[in-house]
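Report on the structure
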Amino acid sequence: MADPVTPEAAVRRYLAWIDDPTSAVDQDAVTKAEEAFASASDPIDKLHAAAARERAKAADIDSITTQFVAQARSYAEEEGIPVEAFRSLGVSDDVLAEAGFAVPSSRGRRGPAAGGRKASSPSTPRAPQIPVSQIKAVADQMPKQFTLAQLADKAGGGSPVTVRKAVDELIAEGRAAKLGPDANHTGPGRAPTIYELR
């Protein structure tokens, strides 16, 4: 953690989080916090250890996203990676635009200078902004197994990052689990990840 974050490391960490939200949790920090909690005998010490344990279990998504936004474009230019490659791995247009990429207008925004969304708004309306808490509440109404796209559809919107964050929190709370790629997927592209309610 003390080492400076290289562009490659920042991109790798963000893409790993998209693929598996639990990968963003620092397992070493969780282990240390668990040990501190187990060894604490004083009630106040135990309380603080419990708080530290909860903080360790929560992924720092803001930091991961900020590092990606700061480093992704220079990494892509150096390695010759087109914006479509990031999109195919699930990076949202909003995040790519924030990172300085020129996002093709066929999917909405046109890049960081897309202050006025006049042309793209009528044909591609943006998904309604839905808070994480609302998406988590909707998750309780889902079938036992579901995908992020199905959850977003049921919630009536929400950006991919927000939906992933909601599911990440459900996993951290022990209310859901990641099962892996859909074995029955037959269409083009990568198989969606299946999640299961606990």
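Each remark here, short or long, concerns the structure printed above.
Bear in mind that the values here come from a model prediction, so they are computed numbers and not experimental data. (Residues numbered from 1 in each chain as written. Predicted model: local features only at pLDDT ≥ 70, side-chain atom pairs only at ≥ 80, totals over all residues. Heavy atoms only, no water.)

1. Re the side chain of K136
Examined against the element boundaries, K136 turns out to sit in helix α8 (residues 132-139). Not counting the four nearest positions on each side in its chain, K136 is found in contact with A166, E169, L170, E173 and R175. (Helix = DSSP H or I, 4+ residues; strand = E, 2+ residues; numbered from the N terminus. Contact = heavy atoms within 4.5 Å.)

2. Here's the deal with the side chain of R53
With respect to the helices, strands and loops of the structure, R53 is situated in helix α3 (residues 43-57). Residue R53 is classed as buried on the basis of its relative accessible area, which comes to 17%. Filtering out sequence-adjacent residues up to four positions away, R53 remains in contact with A33, E34 and F37. (Buried < 20%, exposed > 50% of the residue type's maximum accessible area, 1.4 Å probe, protein only.)

3. A few points about the pattern of salt bridges
Between side chains of opposite charge, pairing is possible as soon as their charged atoms come close. Applying the stated criterion across every chain yields a total of eleven salt bridges. Across the pair R87 and D93 runs a salt bridge, and its minimum N-O distance is 2.9 Å. Like R87, the residue D93 is buried in the burial classification. K136 is the partner of E173 in a salt bridge, and the nearest nitrogen-oxygen pair spans 2.6 Å. Taken together, the residues span a long stretch of sequence, with E173 in the loop between α10 (160-172) and β2 (176-181) and K136 in helix α8 at a distance of 37 residues. (Salt bridge = Lys/Arg side-chain N within 4 Å of Asp/Glu carboxyl O.)

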